[in-house]
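Now for the letters of each chain:
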Amino acid sequence: MKKATLMDMKKTVKKSNDVMAQRLYAPYAKAEWGFINHWYPVKFSNEIAEGAVVGAQICGVPLVLRRSKGKVYALKDQCLHRGVKLSAKPMCLTEDTITCWYHGFTYSLETGSLVSIVAAPDDEIIGTTGISVYPVEEVNGMIFVFVTSDDFDDEIPPLSQDMPIRFPHNNERFPHPLWPDSPSVLDKNVVCLGIHRTGYANWRLACENGFDAGHLLIHKDNAIVLAKDWAVPLGIKPVSDQATQLVEDENGPKGFINMYFTEHYEPVLENKLLNVRAAGTVPKYFRTSMFVPGVLMVENWPEENVVQYEWYVAITDDTYEYWEVLVKHCENDEERQAFEYRFKNFYEPMALHGFNDCDLFARDAMQNFYADGSGWNDEQLGDMDYSIITWRKIASRYNRGIAKTPRGVAGVVKGASNVLAEIRGDQPGAIRDKAE
């Protein structure tokens with residue numbers, strides 16, 4: 001490693017604390033409500049049965065979803081008449097429409113056009129207006145929606161552009177001899193199992209936690225780490241400006257890869273001053289990468305031949321939907337059933353909850369510092385934050401739009417979500433098992 005290379009990395013980190021340099025990721029700092037005009041997961045397939053109607057909110061956009069004749073449709077969950085949420089009391093009078101239960105305004109599932117009004121079938125407004133509709137993709141048990149701004153009129157990009165890169169397609173670019181090829185949500189013969197739940201922090205804090213090279217400390221005494229006797233370091237120190245490799249494919253994913261287990265990173269195993277050492281004897285090889293609009297891939301996690309995807313989907317400017325999805329190739333029913341059994345009895349309780357609850361707790365603990373927007377200027381970043389700076393820059397460069405503060409939706413008028421969650425006692429991650 002050349003000394004100049006290391007110095008270049010340190011200069012990048014030092015400059016990140018300079019106000020002028022922060023302009024390089026100013027769009028990211030303004031994206032309180034998320035990045036609009038991107039694909040996001042909204043539900044698992046089994047959460048929307050035939051004929052069912054469910055509501056959701058992404059980047060401040062209220063969504064109502066209905067499955068009809070096997071297909072899932074997504075429309076704006078806001079009647080154009082008086083702003084009523086259609087999902088609050090679902091009413092579907094035909095297979096190809098959804099009706100507002102309050103005054104009977106009825107919309108086409110396919111186009112969003114106002115096609116009738118229950119008590120005023122001859123009203124002149126019929127056929128002249130409607131509500132927004134959003135593209136939907138359903139793949140391997142997951143439902144994705146392309147959430148757009150009202151003025152978006154570009155061609156809808158394929159779902160693959162908003163997903164991590166795939167293997168073995170990228171083995172030559174990013175070799176990984178220490179573990180098997182990671183499966184993809186978009187592969188054939190894969191099973192996607194997971195959970196999603198609400199986190200009480202801004203979506204960007206969750207993103208940065210996912211690949212933070214210094215945050216392994218919070219998992220030091222985690223039950224799954226001790227049970228598997230994993231040799232997880234205290235942290236992973238970047239020692240070169242090649243520690244992160246950019247992915248800027250034309251008409252493809254945009255993001256970066258942390259080049260763990262190469263000469264560009266050094267595991268931190270001991271802090272002599274504080275008398276702290278990493279424990280465990282079984283090496284655990286993995287790699288994290290992050291892609292716009294906010295999806296993490298952890299290869300070889302929690303076990304070989306399994307990959308973990310995490311999406312951090314903005315709901316409001318201080319809540320996000322946290323998706324944890326494990327993907328594995330299953331060639332037959334026997335392999336699928338074995339994966340489902342291991343997911344239910346091991347992965348979900350020990351990894352998705354036991355391990356990742358620590359992450360939820362950490363993100364929530366940062367929220368107050370960043371809530372009024374001043375934290376982005378007041379933070380003091382160090383060498384360990386090199387990948388965070390990389391992410392902020394690439395997300396600023398390649399997002400398709402910054403969601404504006406919405407009107408008339410949940411979360412705009414504040415009820416202090418963190419405070420309310422603490423009062424109710426249902427903040428996720430507040431309690432976790434700790435192996436003594």
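Since this is a predicted model, take the numbers as computed values, not measurements.

(A) Focus on the nonpolar core. Ranked by internal contacts, the top residues of the largest apolar core, which has 99 residues, are L65, V185, W311 and W391. In terms of residue count, helix α5 (residues 333-370) provides more of this core than any other element does, 9 residues in total. Every residue in contact with V185, bar those within four places of it in the chain, is listed here: V139, N140, M142, F144, M163, V190, C192, Y309, W311 and V327.

(B) Representation of the packing of aromatic side chains. Considering all chains together, one arrives at 27 aromatic pairs under this definition. Taking the centre distance of 6.2 Å and the plane angle of 85 degrees together, the rings of Y28 and W391 count as edge-to-face. Placement of Y28 in helix α2 (residues 26-29) and of W391 in helix α7 (residues 386-398) is noted, with a sequence separation of 363 residues between them. Here Y28 and W391 have matching classes, each one buried. Through successive ring pairs, a cluster of aromatic residues spans Y28, F35, W203, F211, F256, F369, Y370, W376 and W391. When the ring centre of Y398 is taken as reference, the NZ or CZ atom of K254 above it lies at 5.5 Å. In this arrangement the basic side chain of R363 is found over the ring face of Y322, its NZ or CZ atom lying 4.3 Å from the centre.

(C) Quick peek at the pattern of salt bridges. The tally for this structure, following the rule as stated, stands at 18 salt bridges. We note a salt bridge from K76 to D150, for which the minimum N-O separation is 3.8 Å. With a gap of 74 residues between them, K76 in strand β4 (residues 71-76) and D150 in the loop between β10 (142-147) and β11 (190-199) connect regions that are remote in the sequence. In this structure K76 comes out as buried when scored by relative accessible area, which is 18%. Its salt-bridge partner being R342, residue E303 comes within 2.8 Å of it at the nearest N-O pair. Separated by 39 residues along the polypeptide, E303 in the loop between β19 (295-299) and β20 (307-314) and R342 in helix α5 bring together distant segments of the chain. E303 sits in the buried class, given a relative accessible area of 15%. Three or more residues are tied together by salt bridges with common partners; here these are R197, E324 and D357.

Procedures and definitions
Residues numbered from 1 in each chain as written. Predicted model: local features only at pLDDT ≥ 70, side-chain atom pairs only at ≥ 80, totals over all residues. Heavy atoms only, no water. Core = buried A, V, L, I, M, F, W, Y, C linked by side-chain atoms within 4.5 Å. Buried < 20%, exposed > 50% of the residue type's maximum accessible area, 1.4 Å probe, protein only. Helix = DSSP H or I, 4+ residues; strand = E, 2+ residues; numbered from the N terminus. Contact = heavy atoms within 4.5 Å. Phe/Tyr/Trp six-rings, centres within 6.5 Å; stacked < 30°, edge-to-face > 60°. Lys NZ or Arg CZ within 6 Å of the ring centre and 35° of its normal. Salt bridge = Lys/Arg side-chain N within 4 Å of Asp/Glu carboxyl O.

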